[in-house]
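The primary structure of each chain is shown beneath.
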Amino acid sequence: VTFTGNTKYDTDTLNKVLGIKKGDIYNKKRLETKLYMNQSGQDISSLYMDKGYLSFNPEPVEVVQGDSIDLEVRIREGKQYRVRNVTITGNSKTFDHVVRREIRTRPGDLFDRSEVIRSQQQLISLGFFDPAAVNVTPQPDPRTGLVDLNYIVAEKPSDRLELSGGYGGG
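What counts, and where the lines are drawn
Residues numbered from 1 in each chain as written. Predicted model: local features only at pLDDT ≥ 70, side-chain atom pairs only at ≥ 80, totals over all residues. Heavy atoms only, no water. Pairing = 2+ DSSP bridges. Helix = DSSP H or I, 4+ residues; strand = E, 2+ residues; numbered from the N terminus. Axes fitted to C-alpha atoms, helices over the stretch in contact; angles between N-to-C directions. Contact = heavy atoms within 4.5 Å. Salt bridge = Lys/Arg side-chain N within 4 Å of Asp/Glu carboxyl O. Buried < 20%, exposed > 50% of the residue type's maximum accessible area, 1.4 Å probe, protein only.

J.: How should the sheet that holds strand β3 (residues 68-76) be read in this particular structure?
T.: Read across the sheet, three strands follow the order β1-β3-β2 without closing on themselves; strand pairing throughout is mixed. Both edges of this open sheet fall to β1 (2-4) and β2 (57-65), since each of them pairs with a single strand only. Mean inter-strand twist for the sheet, computed between neighbouring axes without regard to direction, equals 25°. The pairing of β2 with β3 spans nine bridges and is antiparallel. The residue of β3 that forms the bridge with Glu62 is Leu71. Contacts from helix α2 (residues 28-35) reach β2 and β3 within the one sheet, and its direction differs from that of β2 by about 155°.

Shown next as structure tokens:
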């Protein structure tokens, strides 16, 4: 396994995260999981996106030689993005300041994928929003290196009316 185009992280660090060694059986699904958006955050894309590289793109190239595969991962790091605006849409009953205090991404900070995911989890844990509807849409501007983050939420119905009555006759 070789890496080209990597300037932010050295080859040893990338090899540790990738976890594929010479002599391992080739597994394309495992390779993709270790390159792109692993749920646990233990992948090369997360490593770069946590440091602001929103346009990061690894491209694996397989070279077959007999019964072996040489793997070259061509990395395009791109530029680091900073957060410009953080907006919230879909909250009609919950005040903006209640939602904003749970959001960990702030204007001026480097884009950080882990903080965006943590913010989503915080919003879900409030209990005011439908967990399936909480989403974040980043809108990067490649000219300026800034990204706008729009947190999309959908309120759960929380109003309840309970009536009860009784009658006793004598």
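Structure shown, so let's carry the discussion forward.
J.: Even after reading the chapter, I still don't get the pattern of salt bridges, so can you show me in this structure?
T.: Once the charged atoms of two side chains with opposite charge are near each other, the side chains can pair. Throughout the structure, instances matching the rule amount to nine salt bridges. One salt bridge connects Glu62 with Lys28, and the closest N-O pair in it is separated by 3.2 Å. Residue Glu62 is located in strand β2, and its partner Lys28 is located in helix α2; the two are separated by 34 residues in the primary sequence. The closest approach of N and O atoms between Glu115 and Arg118, which form a salt bridge, is 2.7 Å. Here Arg118 and Glu115 lie together in helix α5 (residues 113-125), a separation of three residues that amounts to about one turn. When its relative accessible area of 35% is taken as the criterion, Arg118 is described as partly exposed. Via salt bridges that share partners, Arg84, Asp141, Arg143 and Asp148 belong to a single interconnected network.

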